[in-house]
Amino acid sequence: MTDAGPEPRALVVGAGLAGCECALQAASLGLLVDLAEQKPGRRSPAHHSDGLAELVCSNSFKSMQPSSASGIQKEELFRMGSILLRVARETAVPAGNALAVDRTLFSEQVTHRIRTHPRIRLVEERISDLPDDRPVVIATGPLTDGPLYDRIQELTDSPSLHFFDAAAPLVRADTIDRTLAYAASRYGKGGDDYLNCPMDRDTYDAFVRELLSARLAPVQGADEGTVFEGCMPVETMAARGPETLRHGPMKPVGLPNPSTGRIPHAVVQLRQDDRAASLYGLVGFQTRLAYPEQDRVFRMIPGLGRAVFERYGVMHRNTYLAPDGLLDHDCQLRPDRMRIVRRYPLLFAGQITGVEGYVESIASGLVAGWSLAFLAHGLRLPVLPSTTLTGALQAYLSHPSSGSSLSPMNANLGLLPPLAEAHWKKADRHAALAERAMADLDRFLAQLSSTLDWFSMTNGRGSEAVR
Ligand SMILES: Cc1cc2nc3c(=O)[nH]c(=O)nc-3n(C[C@H](O)[C@H](O)[C@H](O)COP(=O)(O)OP(=O)(O)OC[C@H]3O[C@@H](n4cnc5c(N)ncnc54)[C@H](O)[C@@H]3O)c2cc1C
C-alpha cells in the first residue's frame, strides 16, 4: 500500500450487480472491503428478495452470439475474470442463444461468495452519507433515493437525470396450458428452450385493443418522462402502431406451431426463470398496467387463460448521474466536478453511472473494483481500449457531451469506432468488430496482468479474478 501506512478499508455502497462485482474484484486484488447493503432492513420497490445481486426483472443476461454487442461484452468480461458472470454461467438455465440464470441460485451463490470472502465484510446498513475517511464506491443502482441521493446532488455540480423503466411479469409454470403453448426456440437455435403462445390474427387484434385501453398504474412523473427504448413497456410499444408488437416481442418468425405446421400470426414467448422450471417470464412484456388489468389482459394470451402471476410487472423511475464529464474513465468522480475537496477518491459504478443493463452494470462494477486497487497503490487504471464494448461504454460516460444531456446507454455496436477496412455484409462487419475487440483486450490485459498479479500478491494471496 502507500508509504503513509496501511490503506483504510474501502467502502462499496450497494450489494447489487455492480457493487458485488466491484467488492469481489477489489478484494481479490488484495484490498479490504466493507460492502454496505440496505437490505434486509429496507428494500426498493423493485427489489423482492433479501439476497445480494438480485435481478430485478428478467433473468436474462441476453445474447451469447459471439458477434452481437451483448455477446462481445460477455466474452470481454469472461476474459477479464468477471466473478458474477462466472456465477451466471454456473447457474444458467436453458435459454437458446441467450445466457439466462436461475435468479435465486445466482443470488445465493454471489451472496455466499461475499459472505465467505476473507477480505470482505458485509455491513447490513442503509448508508446516508458520503464518508471521506476512506475510498468510497457508490453502486446503489437506479433507484437510489433519500439522504444519500441528496448528498450526491449536493456534492456534484450536475443535476441527476432520470428515465422510466418497467419490469415484466412472472407466471407459475404449472398454470400454463401446455396444450396451447409449445416448446421451441426461434429457428430451432438452442433447442426447445422457450414456451410459445401462438395467436391468430383475430386474437392478436383483440389483444392489442385491450392492451391499449387497459388502465395504467399511477407512477408519478411517468406520463411526462422518457422511457428507455431498450426496455419499453409493451403497451407503449403497442401504441406506436397495430403491427409494432408483431415486429417486436411478439415476432413469430422461426417459430412454427407443431400442431399446425404453420407460423402463427404472433407469438408471446415465455422463458424459464429458475432451474426447477417452476416459473416463466413473459419475454419483452415489461409493463405499467395496473395489476388487475395484467390479470385480465395477459390471460387473453393463448396458454395463459388460467395463469397465476407470481409477480406482476411494474414501472419505476430510474435515476442516473448526468454523465457528461462527471466521471473519469476509471469510474472516479472528477475532483473538479465536486463542490468540496475530498481526501479519498469517490467512485460510482453500475446503473447510477448511466449504463443500462445487467451485464453493463457488472462491467462497470469490475472496472470500479480494478480502479480501487490501482488507486490504493497511488496509480490510475489505464484507459481500456475504446474498441472493446466495456472501454467504449466507459468512454461514453466520461467524455463531455456536446451540450445535450446524455441518455442511459447499453452495450451496442454503434459505440465502437469504425473498422479500417470495409465489410459489405453485416455479419462480416460484426465478426470483425468482435475479433478486433478481443485482440485489443488481450493486448491490454497482457500489459496489465503483471500489475494486477502484483496487487494480489502484495497480500500474499493469489487473485481469483485475473488469470
Ligand atoms: C424495474 C427495473 C427493471 C429492470 N429490468 C432489467 C432487465 O430486465 N434486464 C436488464 O439487463 N436490466 C434491467 N434493469 C436495469 C439494470 O440492469 C438493473 O437495474 C441492475 O440491477 C443495475 O445494477 P446496479 O448494481 O447498478 O443496481 P442494483 O442491482 O439496483 O443494486 C443496488 C443495490 O444497492 C442497494 N442500496 C440502495 N441504496 C442504498 C443505500 N443508501 N445504502 C445501502 N444500500 C443501498 C440496493 O438495495 C441494491 O441491492 C431494470 C431496472 C429496473 C429499475
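Our structure is the block above this text.
Let me sum up the structure you'll find in this document. (Residues numbered from 1 in each chain as written. Predicted model: local features only at pLDDT ≥ 70, side-chain atom pairs only at ≥ 80, totals over all residues. Heavy atoms only, no water.)

Enumeration over the complete set of coordinates arrives at eight aromatic pairs. Judged by centre distance (5.5 Å) and plane angle (65 degrees), the ring pair of Phe 61 and Phe 106 falls under edge-to-face. Of this pair, Phe 61 sits in strand E3 (residues 60–63) while Phe 106 sits in helix H4 (residues 103–116); the two residues are 45 residues apart in sequence, bridging distant segments of the chain. Taken as a pair, Phe 61 and Phe 106 share a single burial class, namely buried. Ring geometry for Phe 298 against Phe 309: centres 6.4 Å apart, planes inclined by 45 degrees, an arrangement best described as tilted. (Phe/Tyr/Trp six-rings, centres within 6.5 Å; stacked < 30°, edge-to-face > 60°. Helix = DSSP H or I, 4+ residues; strand = E, 2+ residues; numbered from the N terminus. Buried < 20%, exposed > 50% of the residue type's maximum accessible area, 1.4 Å probe, protein only.)

What follows is about helix H10 (residues 389–398). The buried fraction of H10 is high, at ten of ten residues. Where H10 is buried, its residues contact helix H2 (69–80) and helix H9 (358–376). (Contact = heavy atoms within 4.5 Å.)

All right, on to the sheet that holds E3 then. Read from one edge of the open sheet, three strands run E3-E5-E4, paired in antiparallel fashion. The open sheet is flanked by E3 and strand E4 (92–93), the only strands paired with a single partner. Here E3 pairs with strand E5 (residues 98–101) via two bridges, running antiparallel. Paired with Ser 60 across the strands is Ala 100, a residue of E5. (Pairing = 2+ DSSP bridges.)

Taken together, 32 residues surround the ligand, and among them Ala 18, Glu 37, Gln 351, Gly 357 and Tyr 358 come closest. In this structure, His 47 approaches the ligand through a side-chain N or O atom, which is 3.4 Å from an oxygen atom. Within the backbone of Gly 357, an N or O atom sits 3.2 Å from an oxygen atom of the ligand. Out of a free accessible area of 980 Å², the ligand has 96% covered by protein chains. Only helix H1 (17–28), strand E2 (33–37), strand E8 (160–166), strand E15 (315–321) and H9 provide two or more residues apiece to the shell around the ligand. Considered class by class, the residues forming the shell around the ligand number 13 nonpolar, 13 polar and six charged. (Near = heavy atom within 4 Å. Polar contact = N/O pair within 3.5 Å; in protein donor to acceptor, adjacent residues only side chain to side chain. Areas by Shrake-Rupley, 256 points an atom, 1.4 Å probe, with all protein chains shown as cover. Nonpolar A, V, L, I, M, F, W, Y, C, P; charged D, E, K, R; others polar.)

With respect to topology, six strands assemble into an open sheet ordered E10-E11-E12-E13-E9-E14, the strand pairing being antiparallel. Of all the strands in the sheet, just strand E10 (182–183) and strand E14 (309–311) have a single pairing partner and so form its edges. Relative to E14, strand E9 (residues 170–172) runs antiparallel, the two sharing two bridges. Paired with Leu 170 across the two strands is Arg 311, which belongs to E14.

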